[in-house]
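Given next are the chains, with one letter for each unit.
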Amino acid sequence: MQTLNTLSTPEEKLAALCKKYAELLEEHRNSQKQVKLLQKKQSQLVQEKDHLRGEHSKAVLARSKLESLCRELQRHNRALKEEGVQRAREEEEKRKEVTSHFQVTLNDIQLQMEQHNERNSKLRQENMELAERLKKLIEQYELREEHIDKVFKHKDLQQQLVDAKLQQAQEMLKEAEERHQREKDFLLKEAVESQRMCELMKQQETHLKQQLALYTEKFEEFQNTLSKSSEVFTTFKQEMEKMTKKIKKLEKETTMYRSRWESSNKALLEMAEEKTLRDKELEGLQVKIQRLEKLCRALQTERNDLNKRVQDLSAGGPGPLTDGDPERRPEAATASKEQRGEGPGAQAPSSPRATEAPCCPGAPSTEVSGHTGPQEPTSATA
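Residues numbered from 1 in each chain as written. Predicted model: local features only at pLDDT ≥ 70, side-chain atom pairs only at ≥ 80, totals over all residues. Heavy atoms only, no water.

In the annotation of an unreviewed UniProt entry, the protein chain is listed under the name Alpha-taxilin isoform X2 and assigned to Equus przewalskii. The UniProt entry for the protein chain carries the following text under Sequence similarities (unreviewed entry): "Belongs to the taxilin family." (UniProt positions renumbered as here; feature names shortened; annotations may be inferred.)

In structure tokens, the structure reads:
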């Protein structure tokens, strides 16, 4: 309106309005092009996200395979335990025959004990190798998950920059909540599995204690029957020491599983804290959206007011300008000064005189000298 007041003729005003309209059309076309580019970027991001989900499903399949391997190991351990029980029964039957063939049975027992030791050492080595493989696979899986989390965070930031609507922000938040729930379920499953492993180790410990009790009873029987043979006594003492070493190792493994269980609980707590942070970010976005809606409403009201003024200008009739009106001249001069920022009312553009000057549809500007004819009304589109 200030630029229109500076112009003298209505034709110039119409030309200025046409230029402004053309500039606005160009800006609108540029904004449409930018929107199309952003939509293409969004489709690319969605494709990348689907690809990452496929990789995540592959990782889950690998984890299921590892679980099946662990189950097979447990079955193998159970079969070994059953074989040990059967061998113990055979040893009891042989011990009944020891009274008749003492020297022969001692040699047989020593050979069997050596075989057992060799088999146990082999089984220990196999178990250690399998444990190392499992640790390596778990470390690789954790690194892969960290990389996927970083990629997801980067994509989420890009989508926040591209998406400016409330529905898209809500969809992103729903996806984040689903991810949190999946991770929670995963951590809960790990905790349950660690508890199961602890229970199994406890059962193994009790079983070994029972075996130790049986060995002690057998040792007493041998001591009663074979009090003269010092060699048998030393061999059984070595077996007792080996069993105590096994028990210590099992206790160490139980402590390791307990520490893993505690780490999984800590991870659950961290996930809960991340969820609270995401909820806070959601509240901040909702506040920003409310502010933007208020600004849009204020702009709409200003636009309606300007449309009304343009309609008033188009509907108003021409008015003559007389030289003998001394009261209107100072008012128009002060209004033009205030619009240019020269007068004292430049800081308060909402004063009544500043608003009256541009809204008069029939009165011409006071800067034009000798022009007393009627002005042409402007169109509603201009």
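Colleague: Looking at this structure, how should I read the overall build of the protein chain?
Modeller: Helix and strand counts for the protein chain stand at 7 helices and 0 strands. Reading the secondary structure of the protein chain in the N-to-C direction produces α-α-α-α-α-α-α. Looking at the protein chain residue by residue over its 382 residues, the buried ones come to 17%. Long-range pairs, those at least 24 residues apart, make up 78% of the contacts in the protein chain between residues at least 6 apart in sequence. When the accessible surface of the protein chain is summed, it comes to about 29,600 Å², and 53% of that surface belongs to carbon and sulfur atoms. (Helix = DSSP H or I, 4+ residues; strand = E, 2+ residues; numbered from the N terminus. Buried < 20%, exposed > 50% of the residue type's maximum accessible area, 1.4 Å probe, protein only. Contact = heavy atoms within 4.5 Å. Areas by Shrake-Rupley, 256 points an atom, 1.4 Å probe, with all protein chains shown as cover.)

Colleague: Got a minute to help me understand the nonpolar core in this structure?
Modeller: A general trend in soluble globular proteins is that nonpolar side chains are found buried together. Among the nonpolar cores identified, the biggest contains 8 residues, and these are Cys198, Met201, Leu208, Leu212, Met243, Ile247, Leu250 and Tyr257. Secondary-structure elements contributing two or more residues to this core are helix H4 (166–225) and helix H5 (230–315). The residues contacting Tyr257, other than those within four sequence positions of it, are Met197, Cys198 and Met201. (Core = buried A, V, L, I, M, F, W, Y, C linked by side-chain atoms within 4.5 Å.)

Colleague: Explain the confidence of the model for the protein chain here, please?
Modeller: Parts of the model with low pLDDT should not have their predicted coordinates read in detail. Taken over all residues, the pLDDT of the protein chain has a mean of 77, while the share at 70 or more is 77%. No element of the protein chain has a lower mean pLDDT than helix H7 (residues 352–359), which averages 38, and none a higher one than helix H2 (residues 10–96), which averages 89. Low pLDDT (under 50) marks residues 318–382, which in the prediction has 60 contacts with non-local residues, meaning those over four places away or in another chain. (pLDDT = per-residue confidence, 0-100.)

Colleague: Explain the packing of aromatic side chains to me, please; I cannot follow it from the model alone.
Modeller: The geometry of an aromatic ring pair is captured by the separation of the ring centres together with the interplanar angle, meaning the angle of the planes. This model, assessed by the stated rule, comprises 1 aromatic pair. A centroid spacing of 6.1 Å and a plane angle of 50 degrees characterise the contact between Tyr141 and Phe186, whose relative ring orientation is tilted. You can see Tyr141 sitting in helix H3 (residues 102–162) and its partner Phe186 sitting in helix H4, a full 45 residues away along the chain. Comparing Tyr141 with Phe186 shows no difference in burial state: the two are buried. (Phe/Tyr/Trp six-rings, centres within 6.5 Å; stacked < 30°, edge-to-face > 60°.)

Colleague: Would you take a moment to explain empty space enclosed by the protein for this structure?
Modeller: Leftover empty space is mapped by rolling, across the atoms, a probe with the size of a water molecule. A complete count under the given rule lists 5 cavities of 30 Å³ or more for this structure. Considered as a void within the structure, the largest cavity measures approximately 100 Å³ in volume. For the largest cavity, the full set of lining residues is Glu91, Lys94, Arg95, Ile109, Gln112, Met113, Tyr215, Phe236 and Glu239. Secondary-structure elements contributing two or more residues to the lining of the largest cavity are H2, H3 and H5. Its residues assigned to classes, the lining of the largest cavity comprises 4 nonpolar, 1 polar and 4 charged. Of the volumes computed, that of the second largest cavity is approximately 60 Å³. Around the second largest cavity sit Leu173, Ala176, Glu177, His180, Lys275, Arg278, Asp279 and Leu282, which together line it. Residues belonging to the lining of the second largest cavity are distributed by class as follows: 3 nonpolar, 1 polar and 4 charged. (1 Å grid on protein atoms, 1.4 Å probe; cavity = no way out; pocket = protein on both sides within 12 Å on 5 of 7 lines; lining within 4 Å. Points joined across faces, edges and corners; volume = space filled by probe spheres on them. Nonpolar A, V, L, I, M, F, W, Y, C, P; charged D, E, K, R; others polar.)

Colleague: Please clarify how H2 should be interpreted in this entry.
Modeller: Given 3.6 residues per helical turn, the α-helix brings residues three or four places apart onto the same face. Its 87 residues give H2 an end-to-end C-alpha distance of 128 Å, which sits within 8% of 129 Å, the value for a rise of 1.5 Å per residue. Within H2, burial applies to Pro10, Leu45, Lys49, Leu52, Ala59, Arg63, Leu66, Glu91 and Arg95. (Expected span 1.5 Å × (residues − 1).)

Colleague: In this structure, what is going on with a negative patch on the surface? I would like to understand it.
Modeller: A cluster of acidic residues, Glu139, Glu142, Glu146, Asp149, Glu270, Glu273 and Glu274, forms a negative patch at the surface. Element by element, the count of residues in the negative patch is highest for H3, at 4 residues. By the secondary structure assignment, Glu146 is in helix H3. (Patch = residues over 30% accessible without salt bridge, like charges linked within 9 Å, V, L, I, M, F, W, Y side chains within 5 Å. Salt bridge = Lys/Arg side-chain N within 4 Å of Asp/Glu carboxyl O. Lys, Arg positive; Asp, Glu negative; His and termini not counted. Charge placed at Lys NZ, Arg CZ, Asp CG, Glu CD.)

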